[in-house]
Protein chains: 4
Amino acid sequence: MDSGTPRLGILMVGMGAISTTLVAGVAAIERELGKPYGALTQMALLDGAPMSEALQLPKLNQLRFGGWDIADGDAFDAAQRAAVLSPLLLRELEPALREITPMAGIHDPRYLRRAEGRRLKPQTNKFEQAEALREDIRAFRRRHNVDRVVVLWCGSTEVFSSPGPAHQNSRIFETALKQDEPTIAPSMIYAYAALKEKCPFVNATPTLTVDLPVMLELAEANGVPVSGKDLKTGQTLLKTILAPGLKQRMLGIAGWFSMNILGNQDGAVLDDPAAFRAKEESKLSALNHILEPAVYPELYGQLSHQVKINYYPPRGDNKESWDNIDVIGWLGYEMQIKINFLCRDSILAAPLLLDLALLSDAAQRSGRKGVQEWLGFYFKSPQVKQGHPEHDLSVQYRRLQEALREMARQTEKVGVRS
Amino acid sequence: MDSGTPRLGILMVGMGAISTTLVAGVAAIERELGKPYGALTQMALLDGAPMSEALQLPKLNQLRFGGWDIADGDAFDAAQRAAVLSPLLLRELEPALREITPMAGIHDPRYLRRAEGRRLKPQTNKFEQAEALREDIRAFRRRHNVDRVVVLWCGSTEVFSSPGPAHQNSRIFETALKQDEPTIAPSMIYAYAALKEKCPFVNATPTLTVDLPVMLELAEANGVPVSGKDLKTGQTLLKTILAPGLKQRMLGIAGWFSMNILGNQDGAVLDDPAAFRAKEESKLSALNHILEPAVYPELYGQLSHQVKINYYPPRGDNKESWDNIDVIGWLGYEMQIKINFLCRDSILAAPLLLDLALLSDAAQRSGRKGVQEWLGFYFKSPQVKQGHPEHDLSVQYRRLQEALREMARQTEKVGVRS
Amino acid sequence: MDSGTPRLGILMVGMGAISTTLVAGVAAIERELGKPYGALTQMALLDGAPMSEALQLPKLNQLRFGGWDIADGDAFDAAQRAAVLSPLLLRELEPALREITPMAGIHDPRYLRRAEGRRLKPQTNKFEQAEALREDIRAFRRRHNVDRVVVLWCGSTEVFSSPGPAHQNSRIFETALKQDEPTIAPSMIYAYAALKEKCPFVNATPTLTVDLPVMLELAEANGVPVSGKDLKTGQTLLKTILAPGLKQRMLGIAGWFSMNILGNQDGAVLDDPAAFRAKEESKLSALNHILEPAVYPELYGQLSHQVKINYYPPRGDNKESWDNIDVIGWLGYEMQIKINFLCRDSILAAPLLLDLALLSDAAQRSGRKGVQEWLGFYFKSPQVKQGHPEHDLSVQYRRLQEALREMARQTEKVGVRS
Amino acid sequence: MDSGTPRLGILMVGMGAISTTLVAGVAAIERELGKPYGALTQMALLDGAPMSEALQLPKLNQLRFGGWDIADGDAFDAAQRAAVLSPLLLRELEPALREITPMAGIHDPRYLRRAEGRRLKPQTNKFEQAEALREDIRAFRRRHNVDRVVVLWCGSTEVFSSPGPAHQNSRIFETALKQDEPTIAPSMIYAYAALKEKCPFVNATPTLTVDLPVMLELAEANGVPVSGKDLKTGQTLLKTILAPGLKQRMLGIAGWFSMNILGNQDGAVLDDPAAFRAKEESKLSALNHILEPAVYPELYGQLSHQVKINYYPPRGDNKESWDNIDVIGWLGYEMQIKINFLCRDSILAAPLLLDLALLSDAAQRSGRKGVQEWLGFYFKSPQVKQGHPEHDLSVQYRRLQEALREMARQTEKVGVRS
């Protein structure tokens, strides 16, 4: 590594299955113990050239990881608990993972009912908590000598909530922080801190975080790209690949029944109906936007769409989905498609997080700020400036490509800003 | 129906499951006993307007059907044998189907080993057979008072063959016809007759038919659009929807095992390994072109792709496919996708045939001729002028849309040519 | 038919999908429009002879059907609503089905929340209702000139309840009836009426009905065989076939996840959590009894067993189950079995009902009374005199065979009592 | 371990996936790195007592393993090639596995076409080969100080062959051995050597080995129990659990389509159609014997039963089966059962081998000889003295239990003979 090359810091809120799979994975790839399948920034070409070169992305060995968590232990302990990666591989990576100990976090049991706060910041006032998080970011910058930092929200899905009066602009929000306003969730305090420190923010979950007027105001004001919500990994990924094809062929759909079994912490949290509601909204909307039942009532007007998530401990992180699609063909004859996806939640999510960190940074370097709609490719419920998001994966892919090409052209012209 | 509206003739070679499902379906739709699910020309919008209006397509009651077959009976008998549609529905449509009796066909047991010729033209010389077929087309035009006729090849898949010296140009081909050249298959004689009569030709099977230099020469010379090969219905349809999405996400694929069980005549014919070879080539190529293992050797270089077709009588026309996809994620962790498609072969194929007939006619009206690459959306193994075909369904869809929009603009400007 | 042959009356409580599929099926079989697949009494051999001969069972044309319902219409209307059988077949059977109009029933919305009573007896006092039902049975006997009558409970699953003080003996129960005791459900009033009229009673659902001390007292006193609960049709049938085999091989099971989608009236009723609870108890217990986790803690001590039922309208009566079984093999290596059963609820249930009616009658003829444990073969949650029921289908089958052989020997010796 | 306790030697022909999974597994279990799931002798109770105690079976640490192979390397190398067990586990067991080096084997490419002989005995005459194998057994006995030895045939499936003149009795067979008779396969030479040395012989594959008159004569004469053929592990296990249940319920079956994908050496060998034929015979017969189409022609007379095995490298030893069963219910209505078994070939087979070794030895100790029909529980194609074998797993289990109980009673009375 050229010591003069600028490093990139990646701070993750929540050091659970996904975050540790990312950190351990990057360490494994550097040691040639695995390859970054699933990460476009590492595997894909952009007009024939490796994407990482075209966009002058930092190399993996230029990344510095850190984060916050309310559970005990370091990243190795967390990775062991998550049980995503094989014990053999983890053993090889133990020294690298032991180096990363999360900073103390903030917790509010009203927003996260099935988790326990064991490592908490001493501050109880929300504004003071925000200040403490900002100081964490600055300290991380100094300690690792990194100029740029991206913040990734990988925390457990919080209880469903909606934007309220306190989230309308920064003036009101800051006052509310000081008054310990109950509609301000921990995730919002992290987002606020990141945006104040000019760190691009990625929301990997259905929680609101940056999908609020106050955050968009701050993102614009501070020149910070933001994106979300909810990484599109298993079932929804397949749904947004498959549904557009069925629609292009003008096949009717009478029902789409989507079932999941999973046994990780995410599954336990989603067993709380209040948390599931946020997830369900995120999972249901895609199909509706793709199929347009109002435009094609004969084909999709009667669609019965259901999404179920079941906490099933034997499966651990190896999430499994089963979909049944009742297709209507010529003259109304019925057909069925069943899809059984034996997937791995964090294995699918980790490369997306890596891409999002690197591309959010690249976006900031090329002067982009606010909601990055072209990153919708990565999300179940893409955040948009206004209107409805695009869910069709092939269209999202095209838009991603167009944005990347434009950024690559800027990169060629002006070089990296850093 | 406005008696002044020009009718369109549709002649089908092979009055089997697919053709009779098309004819019976159109009759059912006219009687409001079913809807044309799966047919873009009947269900889709083009920039907000019904496609059939935008392109001024003939209405269903303006279509006149006919065809050839070497088996006994009329279209009702054939539909009963095919057992695709419910006996109750067929009973309602009996009068309409009894009106259509196929014309005598031509047969060569070297090209179709598992079928028996029971209704054959008296001519044995191939050139004379071609002349007789041409006269059939002219007689059909007169009888039904139709100006324009499209010919659809829906015959059983012939034994695998490759373009040879006799297929190079029309001069050689016609001499070879007169000399009963053995490398000229029945399907080619039909194609030749259609092109000489300026009828757009659609190849619904993997058989060569119009994918030969002589046919392309004739298509250009006579101003005839042609398209093929092999309707993309069940398993390959899903494959070309799903594979691009997995690739866009840079997920590796170690294996794709595709299995089919079907019990119709098509299954019995494909039980002949020589006939299966043509089908297999058609089914295997799509994945390779989509995934580009040469460009992405780490992801797809080791792919084990297998396609099996099993003749399983209990299932009849209700084809069923089972796919297993071995996906490789982050660090090489394995995941699996299983897809079980309980489909109906002819129910999926019939609306595609209808679209192809109407769009081939529209293409001819707007002055298009030769290979219609934009119709690749409908085919497993799209015929191209040169180079490799596009298999990604979403890209095919975009190209179809672009061509349709251009044709719609022409239609607006100059009205229908007929 | 020999006019001297004694007829058998079959009265069904609830003229829904299952009852009408039984009645219509018997009519279809008599007209040679179908065969009684799934009914041992019609298809099986007993030591080489047809079972119906060995046990001198009534022929199908000696059966007379009737019943009660709270919905409008006759058996044809009900069969059309149920949409189990094809419209074409129903049309053939219309005259036979029109002949059967259910008698007015009794209803209590506290026990059946998602149904509406449209045809109700005028009596409101429970004891008077019981008397009215008894008179219905006697009138049916006279009208059809039948000596013996079997009553089948096929009503919707009532809200979960447990035996209480009012159900302890006939004296208390009759007093409670007169006092309109709220813990007496409609199903119990039907069961009481049947037992008082000496009619064998079969409980096809998880509702308590005859699984109460008072009913067993009456059954013993009046010489009446009773059996239940909950017909073992789709998923649980497969479970009680498969689980014993896995256990015999000493394979461990970490989890068994059972999911159902169905769209019929049964599904809508089970969407009520209170009704589902009764069903769930019934569906969960089988596995526990078969696997004996207390005896084999290493193999089954950690088993996560879940059963889900989802109301999914597109499927109608064509219930579908999906099971995932996490199997543990040698050294703890994990394997998975997935079973997808595309079944038909009433098609599976109707032949069981026929068997139960005929065998309950045969049992009464051979002097049996009280709980018929040997009929456990037919039930998800077999009613037993005391102790735990047997769930292993192969053991249940052996016990059924033994009882039938004994009854056949009695039949040979003494002829039919009638 | 009591040093006075007699040890048991287990010699395996073919040190491949199954054998090494057995040897490594026993080593792992002794070290408490895993449990013997799937082995009745280790996990099951016999009338409330552990089976191993009731039958006074040797403990795992009293077993001594050895064998023959024509491939290079020791048991650790073979286990690594087989890639059944995790590298981490194998590493722990390396010392134990390194101790076992197979003895040189005998090979005949006419019987095993897709394998290469790298470690062969110098003898080329078949009789001399037999003598050398006998000497191997005697040497193993001396070296490990074991009195009793069981021989397990775990070799690759040989080309299909049938009993011929040379296999009729020991006189003819021995002359034929000396004359290098081509119809004597290597497997027969091993079986002959074992029987001459009074070693119980277990045939884990569909190859003939001991299913020949000469072998049965020797088994009787020498007091040796024999059993086979073809371990019942994945798909056929499920089939013989499920089919009896469907038949007990008198459900019709129109078709049973059984498909397998596997990528291990077994799969590669079965890609040879001649080897597959032996396997196919073994896999097809079970269903026919269970369903008795001649007795129940309406239910099973039209059954289309197909078994396919596909060599699919990505899967390795993790065999996967997919079954589709077309079930016929009441009035002929169709239902479907799909079973997808993600299994592990050697993980399922290893505990069966262990059971068979211990139980064959126990049988010999209690004076049993010749074909052990009660061991049919373990085999796809159970060897019988005469007549047809029982395939129904629950009946096989009952017969196994009865034999074990009888042996346990003998054991109690007379103690172990050793």
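Counting starts from 1 at the beginning of each chain's written sequence and moves along it residue by residue. A letter from A marks each chain and a number from 1 marks each ligand, given out in the order of writing. For a predicted model such as this one, the threshold for reporting local features is a pLDDT of at least 70, and the threshold for listing and counting side-chain atom pairs is 80 or more; totals across whole chains, interfaces and linings nevertheless cover every residue.

Engineer: I'd like a rundown of the domain arrangement of chain A, residues and numbers included.
Structural biologist: The domain architecture assigned to chain A consists of domain 1 (8-231 + 346-414) and domain 2 (235-342). Between the C-alpha centres of domain 1 of chain A and domain 2 of chain A the distance comes to 27 Å. Domain delimitation in this document rests on an assignment produced automatically or drawn from a domain database.

Engineer: Got a sec to walk through the interface of chain A and chain C? Specific residues and values, please.
Structural biologist: Any pair of residues counts as being in contact when their C-beta atoms, constructed from backbone geometry, are within 7 Å of one another. Counting residues at the interface gives 18 residues for chain A and 18 residues for chain C. Only DSSP runs of H or I with at least four residues qualify as helices, and only runs of E with at least two residues qualify as strands; both kinds are numbered from the N terminus onward. Going through the elements one at a time, β9 (252-262), β10 (304-311), β11 (320-328) and β12 (334-342) of chain A are the ones with two or more residues in the side of chain A that touches chain C. No other element matches β9 of chain A, which puts five residues into the side of chain A that touches chain C. Of the residues assigned to the side of chain A that touches chain C, the class counts are eight nonpolar, six polar and four charged. Gly is put with the polar residues, along with every residue not named as nonpolar or charged; the nonpolar set is Ala, Val, Leu, Ile, Met, Phe, Trp, Tyr, Cys and Pro, and the charged set is Asp, Glu, Lys and Arg.

Engineer: An account of helix α10 (residues 235-248) of chain B is requested, with residue identities and associated values reported.
Structural biologist: All names here are of chain B. Expected span of a helix, by definition, is 1.5 Å for each gap between consecutive residues, and there is one gap fewer than residues. End to end, α10 covers 20 Å across 14 residues, agreeing with the expected 20 Å (1.5 Å per residue, within 8%). Extensive coverage of α10 is indicated by the burial of 14 of its 14 residues. Looking one or two residues past α10, Met250 carries a phi angle of roughly 55°, positive in sign. Three exposure classes are used, all based on how many other C-beta atoms lie within 10 Å of a residue's own C-beta (placed from the backbone): buried at 20 or more, exposed at 12 or fewer, and partly exposed between those limits.

Engineer: For the interface of chain A and chain B, give the residues involved together with the corresponding values.
Structural biologist: Facing the 48 residues of chain A at the interface are 48 residues of chain B. At the level of elements, α1 (17-30), α2 (40-43), α10 (235-248), α13 (297-300), β12, α14 (345-365) and α15 (393-414) of chain A are the ones that each hand at least two residues to the side of chain A that touches chain B. Top element by residues in the side of chain A that touches chain B is β12 of chain A. It accounts for eight residues. Residues of the side of chain A that touches chain B, tallied by class, amount to 31 nonpolar, 12 polar and five charged. Direction of pairing for β12 of chain A relative to strand β12 (residues 334-342) of chain B: antiparallel, over a ladder of seven bridges. Bridging across to β12 of chain B, Ile339 of chain A finds its partner in Ile339 of chain B. Two strands form a pair only when DSSP identifies at least two bridges running between them.

Engineer: Describe the pairing of strand β4 (residues 63-69) of chain A, naming the residues involved and giving the relevant values.
Structural biologist: Residues and elements named next belong to chain A. Of all seven residues in β4, six are buried, a share of seventy percent or more. With six bridges joining them, strand β1 (residues 8-13) and β4 adopt parallel strand pairing. Among the inter-strand pairings, Met12 is bridged to a residue of β4, identified as Gly67.

Engineer: Help me get a handle on the relation of the copies chain A and chain C, residues and values and all.
Structural biologist: When the copies are overlaid, the least-squares fit takes in C-alpha atoms only where the residue has pLDDT of at least 70 in both copies. You can overlay chain A on chain C at an RMSD of 0.0 Å; the transform is a turn of 180° with a shift of 0.0 Å along its axis. Taken together, the rotation and translation describe the operation of a two-fold axis. Mapped onto chain C, 100% of the interface residues of chain A again fall at the interface, so both copies present the same surface.

Engineer: Can you break down the environment of Leu40 of chain D residue by residue, with the values?
Structural biologist: If you trace the backbone, Leu40 of chain D turns up in helix α2 (residues 40-43). C-alpha of Leu40 of chain D to C-alpha of Met51 of chain D: the two residues are 11 residues apart in sequence and 7.4 Å apart in space. Ignoring any residue separated from it by four or fewer positions in sequence, one finds Leu40 of chain D in contact with Met250 of chain C together with Met51 and Asp355 of chain D.

Engineer: I'd like to hear about the sheet that holds strand β6 (residues 148-153) of chain C, residue by residue, with values.
Structural biologist: Residue and element names in this part refer to chain C. The parallel open sheet is built from seven strands, whose spatial order is β5-β4-β1-β6-β7-β8-β13. Edge positions in the sheet fall to β5 (103-104) and β13 (370-371), since each has one partner strand and no second. Here six bridges tie strand β1 (residues 8-13) to β6, and the two strands are oriented parallel to one another. Counted as the bridge partner of Leu11 is Val151 from β6. As a rule, the C-alpha atoms of each element are fitted with a line to give its axis, helices using only the stretch in contact, and angles between N-to-C directions run from 0 to 180 degrees. Sheet strands touched by helix α6 (residues 126-144): β1, β4 (63-69), β5 and β6. Its angle to β1, the strand with the most contacts, is close to 145°.

Engineer: Which residues make up unusual backbone geometry, and what values go with them?
Structural biologist: A cis geometry characterises the amide bond from Gly228 of chain B onward to Lys229 of chain B, with omega recorded as -10°. Tracing the backbone through its elements, the reader meets Lys229 of chain B in the loop between β8 (225-227) and α10. Despite not being glycine, Asp230 of chain B has its phi angle at roughly 75°, a positive value. At Asp180 of chain D, a position not held by glycine, the phi torsion is positive, near 55°. Looking at the element boundaries, Asp180 of chain D is found in the loop between α7 (170-178) and α8 (186-196).

Engineer: Describe the packing of helix α1 (residues 17-30) of chain B against helix α14 (residues 345-365) of chain B, with residues and values.
Structural biologist: Residues and elements named next belong to chain B. The interhelical angle for the contact between α1 and α14, taken along N-to-C directions, is 65°, at an axis separation of 8 Å. As summarised for this structure, α1 and α14 are arranged roughly perpendicular, according to the angle between their axes. Considering only the axes of α1 and α14, their crossing is right-handed. Residue-level inspection shows Ala17, Ile18, Thr21, Leu22 and Gly25 of α1 in contact with α14, the latter providing Asp345, Ser346, Ile347, Ala349, Ala350, Leu353 and Leu354. In terms of residue class, the contact of α1 with α14 is built from eight nonpolar, three polar and one charged. We call two directions roughly parallel when the angle between them is under 35 degrees, roughly antiparallel when it is over 145, roughly perpendicular when it lies between 65 and 115, and oblique otherwise. Each crossing is labelled by how the near helix is turned from the far one, with a counterclockwise turn of less than a right angle marking it left-handed and a clockwise turn marking it right-handed.

Engineer: Quick one: what's the story with the environment of Arg405 of chain A, residue by residue and with numbers?
Structural biologist: Residues and elements named next belong to chain A. Looking at the element boundaries, Arg405 is found in helix α15. Considered as a pair, Arg405 and Asp47 are 358 residues apart in the sequence and their alpha carbons are 8.2 Å apart. Among residues more than four places away in sequence, those in contact with Arg405 are Leu46 and Asp47.

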